[in-house]
Amino acid sequence: MSQTLTEIAQRLTAPNKKVQLIYAFNGSGKTRLSREFKELISPQIDTEEDGADDEPELARNKFLYYSAFTEDLFYWDNDLEGGAEPKLKIQPNTFTDWLIELLKDLGEDGNIITNFQRYANDKVTPSFNEAYKCKSKDYNGKEVEITVPAFSEVTFQIAAKPSALTTSASVDSEDGEAKVKGEYERIKISKGEESNFVWSVFYTLLQQVVSTLNENDTTNRPTDKFDGLEYVFIDDPVSSLDDSHLIELAVDLATLIKNSAYIEGNGLRFIITTHSPLFYNVLHNELNNDLKNPNQDGIPVWLYKRGQSEKYRLDKKVDGTYELTTSNDHPFSYHLFLLSELSEAIKTSQIKKYHFSLLRNILEKTSTFLGYKHWENLLEKTAEGAPNPFASRIMNLSSHSAHAGEEVSDVEDKDKEKLGELVKYLTETYGFSKQEA
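Rules used throughout
- Residues numbered from 1 in each chain as written.
- Predicted model: local features only at pLDDT ≥ 70, side-chain atom pairs only at ≥ 80, totals over all residues.
- Heavy atoms only, no water.
- Buried < 20%, exposed > 50% of the residue type's maximum accessible area, 1.4 Å probe, protein only.
- Helix = DSSP H or I, 4+ residues; strand = E, 2+ residues; numbered from the N terminus.
- Pairing = 2+ DSSP bridges.
- Salt bridge = Lys/Arg side-chain N within 4 Å of Asp/Glu carboxyl O.
- Phe/Tyr/Trp six-rings, centres within 6.5 Å; stacked < 30°, edge-to-face > 60°.

(A) Structural context of the pairing of strand β18 (residues 309-316). Within β18, 7 of the 8 residues are buried, leaving the element largely enclosed by the surrounding structure. As judged from the 5 bridges shared by strand β1 (residues 19-23) and β18, these two strands associate in the parallel manner. The partner of Q20 across the bridge, within β18, is E310. Here 5 bridges tie β18 to strand β19 (residues 322-326), and the two strands are oriented antiparallel to one another. Bridge pairing in β19 links Y312 to T326. Here β18 folds back onto β19, and the loop between the two strands holds 5 residues, one of which, G320, carries a positive phi near 90 degrees.

This is the structure we're talking about:
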């Protein structure tokens, strides 16, 4: 049944479930769904009546979410004049001020470092700044002295190579510019590591949330900031992780959720969306495993039962509506899912350029599984036994667009026909089964 994102958000608030897991392609509306959900749980306040500062606090008290917007709150200071070191700065606003102050008060900076090194790079150590004074310019260009608050900047350091310790000049590192300082090099980490760091900050907060709310006696809780929290919405935590770390993160997240207090429908509820089939499948499997309370006299007897979870697939339709399909029985086979998407696009004459990318994805995975060095070896051969040159050309042109805008451009009829032929040939030649609904 096709629905709007608002209707799907309403549907997600209805079930009495501890966790709901959703798979969807990138661009299918996952991030917009989180915003729609937030508006249902904690709608915006009339700022003229109640004051603009009240709304973020009210939303945060009931609803906590991680998405691409969270990563945007961290940015690099690339003005390195005068030998300044590269630093990751935290955009000041009501959320980050609350988050950093809370983590600082609870002494969680060490856990942030531990989580970052666990998921990203154990050779790199993040370090939060202490408060300091510096010169800056106001809006009129006048130089003034300002105080930079503690925990508003992060630097990253890695042990310097012995040869590097003999010089004070800049040296190149794999992830960017580095300065030698003492026995360490201050570096600018990669974009993937930066994404991991932001997730580590949020995940550390989430660990504190769960441990705090698991304390039944509210007077013994280290903070009352989480007492009204109802939902945590996580949209694609870290897509830049390699497979081994992604599996590790998924298992850790599932374990944290399963250990979160939830009795007779009362407790923190989680919604997780992802475009990663591996992340989805690992979470799917983990959430199908019950977790018994290690305390034999504890209540509840089971900390988690598989019936407390719901798994879905979110599909965006041609008319702009969406369909949320329940998928509780088993994880889906990604390559079969892609084939079903291609078959549906061919059947409904809704072929776009990105569908060629999907077929390229299937070919690459299949060639690796079968032991071929090149995916082109899977394509239909010419009379001379060589890979079909037209099919190869179409695949390359459609899978490596130089500009994102090309992905939505129209496809010529002959290319649509070729895609249909390639899908039919691949399915019949290599004996693919159908992806069950």
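(B) Geometry of the pattern of salt bridges. Counting across every chain of the model gives 16 salt bridges. One salt bridge in this structure joins K87 and E153, with 3.5 Å as the shortest N-O distance. Highlighted residues: K87 in strand β4 (residues 87-90) and E153 in strand β8 (residues 153-159), separated in sequence by 66 residues. Overall, the relative accessible area of 17% leaves K87 in the buried class. Measuring nitrogen to oxygen at the nearest pair gives 4.0 Å for the salt bridge that ties E153 to K89. Of this pair, E153 sits in strand β8 while K89 sits in strand β4, and the two are 64 residues apart along the sequence. Classification of E153 by relative accessible area gives buried; the value is 6%. A network of salt bridges, in which partner residues are shared, links K87, K89 and E153.

(C) Region of interest: the packing of aromatic side chains. Counted according to the given criterion, the structure contains 21 aromatic pairs. Taking the centre distance of 5.0 Å and the plane angle of 80 degrees together, the rings of F37 and Y231 count as edge-to-face. One end of the pair, F37, is in helix α2 (residues 30-41); the other, Y231, is in strand β12 (residues 231-235), and 194 residues separate them in sequence. Here the two residues F37 and Y231 agree in accessibility, since each one is buried. When the ring of Y119 is compared with that of Y203, the centres are 6.1 Å apart and the planes differ by 80 degrees; the resulting orientation is edge-to-face. Pair noted here: Y119 is in helix α7 (residues 109-119) and Y203 is in helix α8 (residues 191-213), with a separation of 84 residues, a long-range link.

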